[in-house]
Amino acid sequence: MAYSISTNCIGCSLCKNNCVVYAVTGELREPHSINEKRCIECGVCARLCPTEAIVDSSGKTLKKIPKESWGCIAIDIDICSGCSICVESCRFGAIQISDPKFVHDIALFAQVPDNESCVVCGLCVKRCPLNAISIITSPIGENYK
């Protein structure tokens, strides 16, 4: 199933501009729609929608959530291999691979240097083959960067 957009849509394009899988279409100031084959139900569109026009697959209207309540991505650097799958998955470039600490350093890992660019869609979490990435809502622990 996928999310849909109700008649409350004002065409602000926040959902379209932030959809990580490009599932939302529509023109500015016109009602938008969600392609159900592309939607991964990450919730980014709902968290941003000023008119609460996003409806989940069970028909429930989803609420707008302030950015400071979204949580953030945490990467366990003891597990991460620095494979870059998460980097390639992130539409907004929020994840990058660490710089080597010395010549021939192979202990690289993914990191989120700027949480502001992350929309906490969870795509990196789903694609990480080592389960080194999670979404957290509490302060980041010492093993996380």
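Conventions adopted
Residues numbered from 1 in each chain as written. Predicted model: local features only at pLDDT ≥ 70, side-chain atom pairs only at ≥ 80, totals over all residues. Heavy atoms only, no water. Salt bridge = Lys/Arg side-chain N within 4 Å of Asp/Glu carboxyl O. Helix = DSSP H or I, 4+ residues; strand = E, 2+ residues; numbered from the N terminus. Buried < 20%, exposed > 50% of the residue type's maximum accessible area, 1.4 Å probe, protein only. Core = buried A, V, L, I, M, F, W, Y, C linked by side-chain atoms within 4.5 Å. Contact = heavy atoms within 4.5 Å. pLDDT = per-residue confidence, 0-100.

### Focus: the pattern of salt bridges
Part 1 of the argument: This structure, assessed with the given rule, holds one salt bridge.
Part 2 of the argument: The salt bridge partner of E52 is K63, with a shortest N-O separation of 3.6 Å. Highlighted residues: E52 in the loop between α2 (44-48) and β4 (54-55) and K63 in the loop between β4 and β5 (72-75), separated in sequence by eleven residues.
Part 3 of the argument: In this structure K63 comes out as exposed when scored by relative accessible area, which is 52%.

### Let's talk about the nonpolar core
Part 1 of the argument: Counting 39 residues, the largest nonpolar core has I5, I34, I54 and I75 as the members making the most contacts within it.
Part 2 of the argument: In terms of residue count, the dominant contributor to this core is α2 (four residues).
Part 3 of the argument: Those residues in contact with I54 that sit more than four places away from it in its chain are Y3, S4, I5, I34, C45, A46, C49, K60, T61 and L62.

### So, the confidence of the model for the chain
Part 1 of the argument: Of the residues in the chain, 94% reach a pLDDT of 70 or more, and the chain-wide mean stands at 92.
Part 2 of the argument: A low-confidence stretch, residues 139-145 (pLDDT under 50), is modelled with twelve contacts involving residues beyond four sequence positions or located in other chains.

### Some remarks on unusual backbone geometry
Part 1 of the argument: One non-glycine residue, Y22, lies in positive phi territory at about 55°.
Part 2 of the argument: Looking at the element boundaries, Y22 is found in the loop between α1 (14-18) and β2 (24-25).
Part 3 of the argument: Of note in this structure, H104 is not a glycine but carries a positive phi near 70°.
Part 4 of the argument: Its place among the elements puts H104 in the loop between β6 (96-97) and β7 (110-111).

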